[in-house]
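Notes for the structure review
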Amino acid sequence: MTDDAARLSTLRGRVRGLMPTVRRDLEALTRIPSVSLDSFDQGLVDQSASAVAELLESEGLVVEIVREGGRPAVIGHLDGPEGAPTILLYAHHDVQPPGDDADWDSPPFEPTERGGRLYGRGAADDKAGIMAHVAALRAHAGGLPVGVSIFVEGEEEVGSDSLATILERHGERLRADAIVLADSTNWDIGTPALTTTLRGMVRVVVEVRALDHSIHSGMFGGAVPDGIMALTRLLASLHDDEGNVAVAGLRSGHAAELEMTEDQLRRDAGLLEGVQTIGTDSLLSRMWTKPSLTVIGLDAPSVDTSSNTLVPSARAKISMRIAPDESPRTAYEALERHLREHAPWGVHVDVRLDDEGEGFAAQAEGPIYDQARAAFEDAWGVPPVDIGVGGSIPFVAAFAERFPDAAILVTGVEDPDTRAHGANESLHLGEFERVCLAEAVLLDRLGR
């Protein structure tokens, strides 16, 4: 057996032996409903930060909980051997709201195993990312081959508003030769991936006003427009008949040449029979590098409480994903211009920017990327693929700007059936062990 094979065999055995306690600690974190949205109990986010700090302290890290006007983040550090590189490990401990408990097959904050998957809000996104870092540290307990800093954010799910201040005030403590951001996905069960592109994001609230008060629909209907009808016509103008985004001036790109069939997409997305996909170009380009527009919220009278009137105004929240190299500000201006120019019947339109975030495109080359790909192949037995992700992770661009000389490795614990942000979020336990092993091997390779 070669030296490399012996080291891999040793780490594989260590990680396998650690998994029961790693899972126990993951389940304990998952039971803390650390939803960072204002309308939820923020004391539970504090509790989650304290639990993460205790986990890191137990591995010998010097740990501090920091708060710069937002939710608590956890920063830890452990020195490595003299002259060894320093690796920054990122994850986040806040989670999305669970939604309606009735949509879950088991309680969202009571981790439950079914069919080799662990179900629960945050079981994957991103408390499994935290525990992957902890598992890698435990696999090297007493002999860490590199210096390690860990940054566990507490407000990623609500826009990372204080991240810029944290990086400004604590950035020197986070400086590293490589950054492992464990908040993405793998291509499929059994096929690991490095995420090399991410779309940017713009979120707006648009309000349409047609009247200064409600009026009788029978007395005035047919001559006077109402807010809901005007809003729906305006929203319909955002796409052409094929489902392509119809906002002029937005950039588009082409995705990597990976094979995704429509059957695979239908299965992963849960498309109902007969429902067609939208847009043109390859499926992956549509989801990774072209713009998309989604209406994610509406303010209008509910069906059950509505009166027989013309509604004076209605609001919608729109989430727009943009090409990785698109400027969020330029994209917002294009969307705002479209909404104002396509207002039907002269209704008044107000557009408010709610949030924005930069995309990311990595030049995924060089020795650190080579070692990362080798570590993934060691853990899975097959080489990884480079993928794009259609979702937006604005903090990745923030790290790239703050640490331009660091290699940024966007990895993850998810798979196409994880259902992050939705009901029945889950973690594939077999893949999670491979994730933990890959990170332990990566630290070993970078230390050599």
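So, here's what we can say about the structure. (Residues numbered from 1 in each chain as written. Predicted model: local features only at pLDDT ≥ 70, side-chain atom pairs only at ≥ 80, totals over all residues. Heavy atoms only, no water.)

1. A word on helix H4 (residues 163-174)
A rise of 1.5 Å per residue sets the reference length of H4, with its 12 residues, at 16 Å; its end C-alpha atoms lie only 12 Å apart and thus fall more than 12% short of the reference. Taken residue by residue, H4 has Leu163, Ile166, Leu167, His170, Gly171 and Leu174 as its buried positions. Down the axis, H4 shows its buried residues gathered within 165 degrees of arc, on one side only. Structural note: H4 exposes Glu168, Arg169 and Glu172 on the side pointing more than 90 degrees away from its buried face. Of the surrounding secondary structure, the elements contacted by the buried residues of H4 are strand E1 (62-66), strand E2 (73-78), strand E3 (86-92), strand E6 (147-153) and helix H11 (394-402). (Helix = DSSP H or I, 4+ residues; strand = E, 2+ residues; numbered from the N terminus. Expected span 1.5 Å × (residues − 1). Buried < 20%, exposed > 50% of the residue type's maximum accessible area, 1.4 Å probe, protein only. Arc of directions from axis to C-beta. Contact = heavy atoms within 4.5 Å.)

2. Side note on the sheet that holds strand E11 (residues 292-299)
Here 4 strands make up an open sheet; going across it, the order is E11-E13-E9-E14 and the pairing antiparallel. In this open sheet, the two strands that pair with only one neighbour each are E11 and strand E14 (348-357). Adjacent strand axes in the sheet meet at a mean angle of 20 degrees when their direction is disregarded. Both strand E9 (residues 200-209) and E14 contribute to a ladder of 9 bridges, which runs antiparallel. Bridging from a neighbouring strand, Val205 pairs with Arg352 of E14. In this fold helix H9 (residues 328-341) packs onto E9, E11, strand E13 (313-322) and E14, with an angle of close to 160 degrees to the strand it touches most, E14. (Pairing = 2+ DSSP bridges. Axes fitted to C-alpha atoms, helices over the stretch in contact; angles between N-to-C directions.)

3. Comments concerning the side chain of Ser48
Structurally, Ser48 can be placed in helix H2 (residues 43-58). Judged by its relative accessible area of 0%, Ser48 is buried. Excluding residues that lie within four positions of it along the chain, Ser48 makes contacts with Ile32, Ser34, His93 and Lys127.

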